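Geometric and topological summary
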Amino acid sequence: MEGQQKRQWGVTSAISEAQPTAKELKLNDTLVDALKAENQFETPEGTKNRIGVLDHLQKVAEEFIRRAGKAKGLPASTYDNSGGKIYTFGSYALGAYNPTSDIDTLIVAPKHVYMDDFFAHFPPTFREMSEASEITEFIPVENTHVPIIKMKFRGVSIDLLFASLPTLSQIPKDLELTDKSLLRGMDDSAMRSVNGSRVVRELLTSVPHEKPFRIALRAVKLWSNRRGIYGAIYGFPGGIAWAIMVARICQLYPYACGATILTKFFNLMGKWHWPRPVMLKTIEAGSLNLRVWNPEVYPQDRAHLMPIITPAFPSMCATHNVMHTTKDIMLKEFKRAEELLNLIQDGKKGWPDLFSPSTFFTKDHKYYLSVIAASRASDGGKEHDAFAGLVTSKVRVIVKGIEDGDAGIDLARLYPHAFDRIHQCETEDQIDRIKQGSLDYLVKKDAVAADGKSLNGESAKKLHTIHTSTFYIGLTLPEVSEAKLDISFPVADFKRYVTTDPLYDEKDMSVCVVHTRNYDLPDDVFVEGDTRPQKPVREKKKKTNSKSAKRHFADTGLDDSELSAKRRQSENVNGLPTATPV
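The structure displayed is predicted, hence computed values, not measured ones.

Basis of the calculations
- Residues numbered from 1 in each chain as written.
- Predicted model: local features only at pLDDT ≥ 70, side-chain atom pairs only at ≥ 80, totals over all residues.
- Heavy atoms only, no water.
- Helix = DSSP H or I, 4+ residues; strand = E, 2+ residues; numbered from the N terminus.
- Expected span 1.5 Å × (residues − 1).
- Buried < 20%, exposed > 50% of the residue type's maximum accessible area, 1.4 Å probe, protein only.
- Arc of directions from axis to C-beta.
- UniProt positions renumbered as here; feature names shortened; annotations may be inferred.
- Contact = heavy atoms within 4.5 Å.
- Salt bridge = Lys/Arg side-chain N within 4 Å of Asp/Glu carboxyl O.

With that settled, the discussion passes to helix α17 (residues 488–499). Here α17 is twelve residues long and its end C-alpha atoms lie 16 Å apart, about the 16 Å a rise of 1.5 Å per residue gives. Taken together, the buried positions of α17 are occupied by Pro490, Val491, Asp493, Phe494 and Val498. Within α17, the buried residues cover an arc of 160° as seen down the axis, which keeps them to one side.

Annotation from UniProt places "binding site: Mg(2+) 2" (unreviewed entry) at Asp102, Asp104 and Asp159. The annotated residues occupy 58 residues of the chain but converge on a single region, no pair of C-alpha atoms lying more than 7.1 Å apart. Mapped onto the secondary structure, aspartate 104 falls in strand β2 (residues 103–109). Excluding its chain neighbours within four sequence positions, the residues that come into contact with aspartate 104 are Tyr87, Thr88, Phe89, Gly90, Ser91 and Asp159. Residue aspartate 159 is classed as buried on the basis of its relative accessible area of 14%. Beyond its immediate chain neighbours, meaning those up to four positions away, aspartate 159 contacts Asp102, Ile103, Asp104, Thr105, Ile148, Ile149 and Lys150.

Going through the model one piece at a time under the given rule, you end up with 27 salt bridges. Note that lysine 271 is salt-bridged to glutamate 338, the shortest N-O span being 3.2 Å. Of this pair, lysine 271 sits in helix α9 (residues 258–271) while glutamate 338 is found in helix α11 (residues 324–345), placing the two residues 67 residues apart along the sequence. Aspartate 493 is the salt-bridge partner of arginine 496, the closest N and O atoms lying 2.4 Å from each other. Here aspartate 493 and arginine 496 lie together in helix α17, a separation of three residues that amounts to about one turn. The partly exposed category is assigned to arginine 496, whose relative accessible area is 44%. Residue aspartate 493 is classed as buried on the basis of its relative accessible area, which comes to 18%. One salt-bridge network, held together by shared partners, links Glu63, Arg66, Arg67, Asp80 and Glu128.

So this is what it looks like as C-alpha cells:
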C-alpha cells in the first residue's frame, strides 16, 4: 500500500532493493544446474524417507519417555501423558541439505526424565521398535560436553541430542521452543542443544525470501567444504555461522536471486570490517542468569576475531574458535572466490572452477605434521570413534600454539577432515609402527578379519585390529631464517589435553605427532586427477657460506626424508618421532 513503511531486515537498512535482472536470473539458473550436478539437492524419494525416519523417531521418543517415567515408579496418569517431541536443526531444518547430509535432531522431555534416562532407555526402546536390518550404525557417546547418540537408520545419518525442560511436566506435540522462559533452570549442555532449534527458527524469520537464501547457502557450504575452510571445531565457521553470514547478505539485498546473493557474499565478507560482528537482529539483553555475548563486558568476547552472532536468546558467538591463521586463510579464499565470480559473470569461467578442491596436499605445503590417534579395537571401533572425537576437539591446540609461540613457522594450517584407517598385525612392534604412521598393515574395511584369525580366516597368531584417525597440518616455513624450529611445546600441550581426559585409556589408546614430507603422503589423501608431489632430484652444489643458504633439516627440526629407515625409527626431532615413509 502506498505510503506504508517498508520493513527493514536486520540491524541496518538494505544496500539495494533492486529486483533481479534477466542476466542475473540466467546466471542463477546455471548455478542451480551446477549444484544439481554436484548432487547438492535431495531427491523426492530421499526427502520422503527422511520424513518417515523423523516420524519413527517421534514415536520412539514418546515411548522411551513413557518407559522412563514408569521405571521411576510414577503414576500411570503421569507417564502416559508425559508426551515428548523431536525438533530438527542444522542443514535439514534450514532446507539446505543433500543426499549425504545428516539430520541434527533433538528430543525434548519433561522435567522428570534426565540425561541418564535417555542413555538407559532410548537405545533398547529404539532397537525394540525398529527393524534390526534398518539400523546400520548406533553409537551412544555419553561422556562429552554435549552427549549424543550417533546413528544411521534407513540410510540416514542422525545426530541425536537430548534435553529435559525443568519447567514442564508434560511436552505437548504443539510445543514451540520460541519462549525463552523454557530455558529457565537448564544446564549448559541442555541449553545449547535447545538453542540449536531456536537459532534456526529465528534465522529463517530473519530472511526476506527463503529460496535465494537456500540456493546461496548450498553453494557456500559446497565451496567452503571443497576449499577446506569448514568446521567450527577446526577454527573455521561451522554450518550455522556460514548460514548467518549468508542470511545477512540476504537482508542487505532483500530481492536478489541466489547467484547475486553469492556474488555479494564473497565481496562483502572479504571486505568486512572485522571484528565488527555479523548480526541478524539486535542482541536481547541478558536475563534468566544466562550469559549473552557482549564485548564491552567480557574480555573473552572482545578477543573474538570474526564474531558471527546467533540470533536466538541468549546470543552467542558461533565463531569463537577462529584464530589469526584461519581468519587469514578465509580472507584469501574470499578474495579468490570474488575474482572467480567476476570471471564467471563474464563467461570466462564456470561454476566448477569456484567449487574446485583446495590444493592443500598437492601444492600448498612441503612439510606436514601427521597427528595420529590410534586405538585397539575391542568393540568394532566404537571406542575409537569416541576417542577420535576427543582428538578432533583438541587438535587445533597445535595450530594455536604454533601461532601464539615462537616456533619459527610462517603458517600452520589444519586440514579439517580426519582420515580413518583400519590396520591388522600380529606383533607389538608392528602396532608401534602403526602408531607412528606406518601403513604397511592397512586393510580395507570390508576385508577386516576377526581378532585371533589370519586374513584368510585360518588360525594364526593373535591378530590385532588397530583403528587410526589421522589429521594433517600443513607447515609453511620462512624462506630465509636463522631461527630454530621448535614445536615441542604446542605438541606437548596438545598431548596433555588428550591424555588427561577421562576418556583416554593409556592401555588401548595413543596419540602421536610425526613429521611427513609432501612426497611421503599416503595415497588416500589424494583424489582422482590430483598430481601428487614428487621427491626432488638433488643436484650437487658447491658449498657456500651465504646466510641465505637453505637450512638443513637438523637445524629446522623437520624430518630429513633422505635418512635411513633405521634412523627414522630411533631418532626424535624436537621431541617428535619422524614419519615412516609410505
